[in-house]
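Analysis of the macromolecular model
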Amino acid sequence: MLEIGSVIDGKYKILNKIGQGGMSVVYLAMNERANKQWAIKEIRKDSMANSEITMQSLRNEIEMLKNLSHPNLPSIVDIIDYDDALLIVMDYVEGNTLSKAVNEYGPQSQEFVIEWAKQLCNVLGYLHSQNPPIIYRDLKPGNIMLKPDGTIVLIDFGTARQYKEENVEDTTCLGTRGYAAPEQFGGHGQTDARTDIYCLGSTMYHLVTGKNPSEPPYEMYPIRYWNGALSKGLEQIILKCTQLDPAKRYQNCAQVLYDLEHYYELDQSYRNKEKSKLIAFSAAMVLSIGCFVGAFASHSYAKSFQSQSYESMLEEASRVETTEDMKTTYINTITVDPSKPDAYVDLIDKIYLSDDNFTADEALEIREILIRTQGKATYEQLLSQNAGGYSLFAYRLGLAYFYNYEGEGNKQQAAYWLNKAASGELDESRTARAKRLGAIAEYYVNLGSMDKTGDSQVDYNEYWNDLKAVCNGDIAKEDNANTALVIYKEMASQICVNFQNFAKSGVTYSDMELQLLNIEQHVKSDIKGTDAESSDRVKELEQELTTNIEKARQAIKLAE
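Residues numbered from 1 in each chain as written. Predicted model: local features only at pLDDT ≥ 70, side-chain atom pairs only at ≥ 80, totals over all residues. Heavy atoms only, no water.

Looking at an unreviewed UniProt entry, one finds the chain named Serine/threonine protein kinase, with Pseudobutyrivibrio xylanivorans as its source organism.

This is the structure in structure tokens:
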């Protein structure tokens with residue numbers, strides 16, 4: 001065990017022990033260089049002697065998780081080989097586990113459980129959407145932290161694995177009995193996304209009934225057996241999640257999320273109210289269907305009709321009066337044909353970025369849309385079949401994450417989407433810009449690592465060259481005036497913030513001043529006098545750019 005007060009790797013001071021599991025101990029630590037608290041999980045190598053997990057496989061899984069970024073996941077920032085242990089440095093999450101909540105206060109409110117389950121669907125859907133999919137395999141109340149603001153964080157990835165399509169079944173049997181699906185214990189096939197759905201159902205069961213499925217009577221009854229006031233709809237959802245046969249469960253988290261958002265519609269009282277409406281509607285539909293059967297007999301005609309519907313709905317979105325109605329129309333348009341990029345891109349550009357702030361809720365919404373299914377494929381899989389369209393979508397989403405996420409940018413997610421865009425079928429200038437911005441986003445990630453660990457990993461000369469390259473060309477023509485001005489603003493801001501680091505790497509102050517002059521020339525030649533200049537937003541961005549350039553020049557002047 002680590003000694004309280006000891007300093008690990010020259011920067012992490014161990015403050016106290018905050019948790020312990022079967023193979024690990026978790027400590028609270030302080031990075032004294034950055035004045036920030038972290039959680040350090042110590043996995044002792046001798047604790048794995050009787051386990052089917054090898055230290056190398058564990059390291060591989062942790063490296064895999066370092067690349068993830070999601071509001072319901074902790075970030076892993078460091079992996080340290082230390083004596084006879086592996087140390088994992090990750091976000092310290094304030095709050096308590098849901099197991100503590102249910103143990104101390106008994107069954108949890110049905111509304112709370114449904115809200116937590118929705119968040120779990122989002123984060124599990126994110127894990128399952130990775131390539132290859134990541135299967136968590138040990139979802140239970142003890143591995144879910146509830147933060148003071150009501151959001152949950154999924155912790156302890158000790159049993160997570162990547163889905164391997166060629167495997168018939170898992171090589172290791174891992175999970176917690178009572179919560180774990182039958183296929184986790186060998187002889188029942190390989191674990192996949194449906195395994196996590198079983199664990200989700202078991203977790204909801206425990207939280208809403210207070211009955212631990214890993215304790216006597218070691219089985220789950222319908223939740224209304226314990227409390228008749230609980231929703232019949234929620235009962236049906238949990239029963240479907242926990243079917244022994246994976247084929248009878250929900251097949252993905254998007255399906256679970258949909259039913260959780262409409263659980264009341266599964267209640268018998270609601271269905272009785274709707275039944276009379278359905279009878280009347282069905283009578284009218286019989287006549288309508290008769291009229292349309294002939295028209296849709298031809299597959300080519302059906303595709304033509306779908307295309308016309310898609311285009312007309314896009315036009316309709318531009319005519320609606322409110323932003324909320326416009327957003328709903330774009331999402332409905334996506335549903336008509338998820339393989340086309342136009343509605344996705346308009347949703348990003350005209351809705352999410354209408355206020356130049358891409359919020360966490362909006363990021364969550366677009367992820368929910370991407371994991372929806374049509375047939376056996378997710379919307380993202382259908383869109384990716386359109387190589388050019390998917391690249392354009394990835395490019396626009398990458399830019400939104402880079403410049404606009406919560407007013408500061410999420411460079412890790414930006415790098416993920418911009419790299420996808422750069423490897424696709426964009427035009428030459430956008431491909432080059434996506435590559436450069438992806439590289440710059442990765443610099444930002446490393447800058448973050450520097451702040452966290454105290455060790456600089458950035459070559460500021462390369463960083464400078466990439467920033468310059470992104471500003472090349474007529475961006476206003478290749479993309480639009482807004483994008484151009486945002487890129488120029490970022491360049492001026494980085495000169496202001498990092499002028500000393502750039503200078504130390506060999507960039508002269510004259511080079512920096514020349515770049516500011518180039519930006520001003522681009523604005524004059526590419527934006528001034530065009531139709532775009534009349535836009536209120538362009539005027540605002542021009543003023544903000546002018547302010548950034550002035551600040552950068554002041555910083556350079558003081559340094560000289």
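1. Considering the pattern of salt bridges
Taken as a whole and judged by the stated rule, the model has 19 salt bridges. In this structure, Lys232 engages Glu235 in a salt bridge whose closest nitrogen and oxygen atoms are separated by 3.2 Å. Here Glu235 and Lys232 lie together in helix α5 (residues 232–241), a separation of 3 residues that amounts to about one turn. Members of the salt-bridge network, linked through shared partners, are Asp356, Lys489, Arg537, Glu540 and Glu544. (Salt bridge = Lys/Arg side-chain N within 4 Å of Asp/Glu carboxyl O. Helix = DSSP H or I, 4+ residues; strand = E, 2+ residues; numbered from the N terminus.)

2. Some details on the environment of Ser535
Tracing the sequence through the fold places Ser535 in the loop between α19 (509–527) and α20 (536–559). Along the backbone, Ser535 and Ala481 are 54 residues apart, and their C-alpha atoms lie at a distance of 9.6 Å. At 3.2 Å, the side chain of Ser535 forms a polar contact with the backbone nitrogen of Arg537. (Polar contact = N/O pair within 3.5 Å; in protein donor to acceptor, adjacent residues only side chain to side chain.)

3. Notes on the sheet that holds strand β7 (residues 96–97)
Ordered in space as β7-β9-β10, the 3 strands form an open sheet in which the pairing is antiparallel. Since the sheet does not close on itself, it has two edges, and those belong to β7 and β10 (152–154), each with one partner. Bridge count for β7 against strand β9 (residues 144–146) is 2 bridges, and the pairing is antiparallel. Bridge assignment links Thr97 to a residue of β9, and that residue is Met145. Its contacts with the sheet place helix α3 (residues 110–128) against β9 and β10, and it is angled at close to 35° to β10. (Pairing = 2+ DSSP bridges. Contact = heavy atoms within 4.5 Å. Axes fitted to C-alpha atoms, helices over the stretch in contact; angles between N-to-C directions.)

4. Digging into the side chain of Ser24
Mapped onto the elements of the fold, Ser24 is located in strand β3 (residues 24–31). The contact partners of Ser24, leaving out residues within four places of it in the chain, are Lys41, Glu42 and Ile43.

5. Let's talk about unusual backbone geometry
Here Asn131 and Pro132 are connected by a cis peptide whose omega angle stands at 0°. Topologically, Pro132 is positioned in the loop between α3 and β8 (134–135). Its identity is not glycine, yet Asp9 carries a phi of approximately 55°, on the positive side. The residue Asp9 is located in the loop between β1 (7–8) and β2 (12–20) in this model.

6. Some details on helix α4 (residues 193–209)
Relative to the 24 Å expected for 17 residues at 1.5 Å per residue, α4 spans 25 Å between its end C-alpha atoms, a close match to the ideal helical length. Of all 17 residues in α4, 16 are buried; the element is thus mostly enclosed. Looking one or two places after α4, you find Gly210, whose phi comes out positive at around 80°. (Expected span 1.5 Å × (residues − 1). Buried < 20%, exposed > 50% of the residue type's maximum accessible area, 1.4 Å probe, protein only.)

7. Quick notes on the sheet that holds β2
Taken in spatial order, the 6 strands make up an open sheet running β1-β2-β3-β4-β6-β5, and their pairing is antiparallel. On the outer flanks of this sheet lie β1 and β5 (76–82), each paired with one strand and no other. With 2 bridges connecting them, β1 and β2 associate as antiparallel partners. Within β2, the position partnered with Val7 by the bridge is Lys13.

8. Details of the pairing of strand β4 (residues 36–44)
As paired strands, β3 and β4 are joined by 8 bridges and run antiparallel to one another. Following the sheet pairing, Leu28 is matched in β4 by Ala39. The antiparallel hairpin formed by β3 and β4 contains 4 residues in its connecting segment, where Asn35 sits at a positive phi of about 55°.

9. Remarks on the UniProt feature "binding site: ATP" (unreviewed entry) in the chain
Sites flagged by UniProt as "binding site: ATP" (unreviewed entry) map to Lys41. Residue placement: Lys41 occurs in strand β4. Overall, the relative accessible area of 9% leaves Lys41 in the buried class. (UniProt positions renumbered as here; feature names shortened; annotations may be inferred.)

10. A closer look at the nonpolar core
In terms of nonpolar packing, the biggest core is built from 77 residues, with Leu347, Phe358, Ile369, Phe393 and Tyr488 touching the most fellow members. It is helix α18 (residues 481–504) that contributes the most residues to this core, 11 residues altogether. Residue assignment places this core across two domains, with domain 4 (320–455) and domain 5 (459–559) each supplying three or more. Sequence-distant contacts of Phe393, that is, excluding residues within four places in its chain, are made with Tyr344, Val345, Ile348, Ile366, Leu370, Leu383 and Trp417. Listed in part, the 50 residues of the second largest apolar core include Leu120, Ile134, Leu200 and Ile237. (Core = buried A, V, L, I, M, F, W, Y, C linked by side-chain atoms within 4.5 Å. Domains from an automatic or database assignment.)

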